[in-house]
Amino acid sequence: MEMHTQPHKKHHFGVQHCCLISLFIFTFFTTTTTQAFDYADALSKSLLYFEAQRSGRIPYNQRVTWRDHSGLTDGLEEGVDLVGGYYDAGDHVKFGLPMAFTITMLSWSAIEYRQQIEDAGELEHTMEAIKWGTDYFIKAHTSPNVLWAEVGDGDTDHYCWQRPEDMTTSRRAFKIDENNPGSDLAGETAAAMAAASILFRKTNPHYSHLLLHHALQLFEFGDKYRGNYDASVGVVKSYYASVSGYMDELLWAATWLYKATDNKMYLQYVISNAHTFGGTGWSISEFSWDVKYAGLQLMVSKLLSEEKHKKHRDILEQYKSKAEYYICSCLNKNNDSNNVERTPAGLIYVRQWNNMQYVSTAAFLLSIYSDFLQSTNQKLNCHGGTVDHEEILNFAKSQADYILGSNPMNMSYLVGYGPNYPKRVHHRGASIVSYKKNKGFIGCTQGYDNWYGSQAPNPNVLVGALVGGPDGKDNFEDRRNNFMQTEACTYNTAPLVGVFAKFLHIENQKLVHDCNSHLVASFK
C-alpha cells in the first residue's frame, strides 16, 4: 500500500527539557488508562488530503506522490482556462458550491487558530490548500457577472471508474451569469474569497487585495441577480442542489465582507435583511455546504461584544439566540424534539448519508463558541440548563476523539490516522494502482471490472480524508460500494484543521503546566 509518510513531527514546543520525563510519564499513563490522541499527527494528515484532491497541474512540492496531472484541458471547449481547483470527493467533477464552502471553512479555521496552526508547523500547508482553491476561483470568475459553476457532470462521470489522470468523461463547463443567476454559488464564493483575503493580508497583500476585489464583485452580482444556482445549472440538481436557497449565502457573504473590510454597508445588509432572509428566523440544527445559517448566526452574535455595534443590539441578540439554539441542540439541551440525534456512543447524527460532515462542522462551531464565551466571561443558557465554555469544548472534543478512534468500532474515520482506519475508501484514484507506478491507460469500465469490486484494500491510502462514517447505531462497513459511509469529501475535513489545532494547543499547554508544577515540586 502506498502511503505518504513524512518524518514524524511531534510538536511539543515551549516545553522545557525537564518535561521530557513528565512527557514520557504523561504519554504512558494516558495511553494505558484513557485513549490519548496525537492531534499534531491528525492535523498534518488532514492537510495532506487536500493535495490528493487536486485537479490540474501537480506542483513540484506535492507530498501525495501517487497523484499526477489531470484535467489539463478543463474549460477548453468554452474558451476559458478552468484548470485547477479540487475534486470534491471520490469522483472527478469540480462542483463550485462545495468547493467554495471548503475554502471558507479552511480559511475560517486558519483565521480563528492561525497561531496554533503556525505553532504546529502547518500554516504554510494550510495557506497552500486555501490558495489552490482561490487561484481556481479567480480563473472561474471571468467577468464581474460570470462565474463558472462546474466542470464535468455527475451523470457521465459516474459511469466510469478510472483515475483522474486517465479521465475520458465529459469536461463540459457550466456557468452562472445575469440571465442564469446563482446567488448561493456567487455568495459562497464571495465568502470564501473574503475569508481568504483576511488570511493573506499579512503575507501576500497584493493577493489579498485581488481576492477582496473578486469577493466584492461576486457579492454584488449574487445580490443583484437573484436566483438558485441549481435552477440555472440543472446538472447539479442530483448532487449539490441548494435546498436552503440563496438567502443564507447572501447573509453569510455580507458577514464575511464586513469582517474583511469593516465597511458598515455590509453590516447594514446583515441587519436590514435579518428577518426577510431568515437570519433571525431560522433555527437550524445543522451547518453544511448547503445550510449556512448556524455559521453566520454565530459570527454575527460575536459582534455583540464590541461597543461599536451597540445600536444594532436588538437584531444582534436575535441572531445570537438562533446561534445558541444550534449550540444547545448539539448539546442535547433544547426541548427534546429540537435536539440533534446521537448514536448510542454519543456521535452527532444528522442523516445517514455522509454524516461526518455535520460532526466536523459542529465540532468547529462549538470550539469557537466556547472560545467566545471564555473570552467574554459568559455562560450559555439553554432550555435544559446553563452551560459553561468548558462543557461546550468537552463535547466538541468528544466528537473529534470519536472521529480519531474513541468509538465502539475502535476505528479512526480519519484515513491514515492510527492503526485501524477505512482501507476501502470509495475513491477512484485511491482504489486503482497509482498512475506513477503504472502509466498504462485504464478505461472507463475497466476500472469497474478490475478495481471497484475488489475486496483488497485500496493500493493508495487517502491520508487525511474524513469518510462518511458510521450509521445511527455506530456500525460501519468498510466496503468500497458502501459510498454513504466510505466516501470522503473536502468539506468534511476542512473544519477539522481548526479543531485539531485547537486541541493540540490545549494538550501542549497542559504539558507546560504539568512540567512547571513538577519543577516547583522538585524545589520544595
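Residues numbered from 1 in each chain as written. Predicted model: local features only at pLDDT ≥ 70, side-chain atom pairs only at ≥ 80, totals over all residues. Heavy atoms only, no water.

A. Structural detail: the overall build of the protein chain. Across its full length, the protein chain carries 20 helices and seven strands. Its C-alpha radius of gyration of 23 Å places the protein chain within 12% of the 24 Å reference for a compact globule of 524 residues. In terms of its C-alpha atoms, the protein chain occupies a principal-axis envelope of roughly 75 × 60 × 45 Å. Evaluated residue by residue, the protein chain yields a buried proportion of 60% over its 524 residues. For the protein chain, long-range pairs separated by at least 24 residues make up 74% of all intrachain contacts whose partners lie at least 6 apart in sequence. Summed over its atoms, the accessible surface of the protein chain is roughly 20500 Å², and 53% of this surface lies on carbon and sulfur atoms. Counting 47 positive and 56 negative side-chain charges, the protein chain places the centres of these two groups 3 Å from one another. (Helix = DSSP H or I, 4+ residues; strand = E, 2+ residues; numbered from the N terminus. Rg over C-alpha atoms; globule rule 2.2 N^0.38 Å. Buried < 20%, exposed > 50% of the residue type's maximum accessible area, 1.4 Å probe, protein only. Contact = heavy atoms within 4.5 Å. Areas by Shrake-Rupley, 256 points an atom, 1.4 Å probe, with all protein chains shown as cover. Lys, Arg positive; Asp, Glu negative; His and termini not counted. Charge placed at Lys NZ, Arg CZ, Asp CG, Glu CD.)

B. The state of the cysteines, seen in detail. Using the criterion set out here, one finds two disulfides in the structure. Here cysteine 328 engages in a disulfide with cysteine 382; their sulfurs sit 2.0 Å apart. Torsion about the S-S bond of the cysteine 328 and cysteine 382 cystine: about -85 degrees, corresponding to left-handed handedness. Highlighted residues: cysteine 328 in helix α14 (residues 313-330) and cysteine 382 in strand β6 (residues 380-382), separated in sequence by 54 residues. Comparing cysteine 328 with cysteine 382 shows no difference in burial state: the two are buried. Here cysteine 330 is not disulfide-linked; the sulfur of cysteine 328 is the nearest cysteine sulfur, at 9.4 Å. In this structure cysteine 330 comes out as buried when scored by relative accessible area, which is 1%. (Disulfide = S-S within 2.5 Å.)

C. A look at the side chain of histidine 141. Along the chain, histidine 141 turns up in the loop between α5 (123-140) and β2 (147-151). The class of histidine 141 is buried, set by a relative accessible area of 4%. At a separation of 3.1 Å, a polar atom in the side chain of histidine 141 contacts the main-chain carbonyl oxygen of proline 144. Excluding residues within four positions of it along the chain, histidine 141 makes contact with Val146, Leu147, His214, Gln217 and Leu218. (Polar contact = N/O pair within 3.5 Å; in protein donor to acceptor, adjacent residues only side chain to side chain.)

D. Local environment of the sheet that holds strand β3 (residues 173-176). The strand order across the open sheet built from three strands is β1-β2-β3, with neighbouring strands paired in antiparallel fashion. Edge positions in the sheet fall to β1 (94-95) and β3, since each of these pairs with one other strand and no more. With four bridges connecting them, β2 and β3 associate as antiparallel partners. Each residue of the ladder has a partner; that of leucine 147, found in β3, is isoleucine 176. (Pairing = 2+ DSSP bridges.)

E. The layout of surface pockets, seen in detail. Empty space within the largest pocket amounts to approximately 820 Å³. Ser238, Tyr239, Tyr240, Trp353 and Tyr491 are the residues nearest the centre of the largest pocket, which is lined by 35 residues in total. Every element with two or more residues in the lining of the largest pocket is listed here: α10 (237-240), α15 (356-375), α18 (446-452) and α19 (483-486). If one sorts the elements of the lining of the largest pocket by residue count, α10 sits on top with four residues. Residues of the lining of the largest pocket, tallied by class, amount to 19 nonpolar, eight polar and eight charged. (1 Å grid on protein atoms, 1.4 Å probe; cavity = no way out; pocket = protein on both sides within 12 Å on 5 of 7 lines; lining within 4 Å. Points joined across faces, edges and corners; volume = space filled by probe spheres on them. Nonpolar A, V, L, I, M, F, W, Y, C, P; charged D, E, K, R; others polar.)

F. Just unusual backbone geometry, in detail. Notably, asparagine 410 is not glycine yet its phi reads approximately 50 degrees, a positive angle. Position of asparagine 410 relative to the elements: it lies in the loop between α16 (389-404) and α17 (428-431). The phi angle at aspartate 474 is positive, at roughly 70 degrees, despite the residue not being glycine.

G. Spatial organisation of the UniProt feature "active site" (unreviewed entry) in the protein chain. Per the UniProt record, "active site" (unreviewed entry) is found at His426. On the accessibility criterion, histidine 426 (8% relative accessible area) is buried. For histidine 426, the contacting residues outside a window of four places in its chain are Gly90, Trp161, Tyr452, Arg480, Asn481, Phe483, Thr486 and Glu487. For histidine 426, the side chain forms a polar contact with the main-chain oxygen of arginine 480, separated by 2.7 Å. (UniProt positions renumbered as here; feature names shortened; annotations may be inferred.)

H. Looking closely at the pattern of salt bridges. Summed over all chains, the structure comprises 23 salt bridges. Residue aspartate 371 pairs with lysine 502 through a salt bridge whose shortest N-O separation is 2.6 Å. Taken together, the residues span a long stretch of sequence, with aspartate 371 in helix α15 and lysine 502 in helix α20 (residues 490-522) at a distance of 131 residues. Like aspartate 371, the residue lysine 502 is buried in the burial classification. Of the charged contacts in the structure, one is a salt bridge between arginine 424 and aspartate 478, with a shortest N-O distance of 3.3 Å. Of this pair, arginine 424 sits in the loop between α16 and α17 while aspartate 478 sits in the loop between α18 and α19, and the two are 54 residues apart along the sequence. The class for aspartate 478 is buried, based on a relative accessible area of 17%. Connected via shared salt-bridge partners are Asp74, Lys94 and Arg171. (Salt bridge = Lys/Arg side-chain N within 4 Å of Asp/Glu carboxyl O.)

I. Spatial organisation of the side chain of histidine 389. Note that histidine 389 resides in helix α16. When neighbours within four sequence positions are excluded, histidine 389 is seen to be in contact with Ser370, Leu373 and Gln374.

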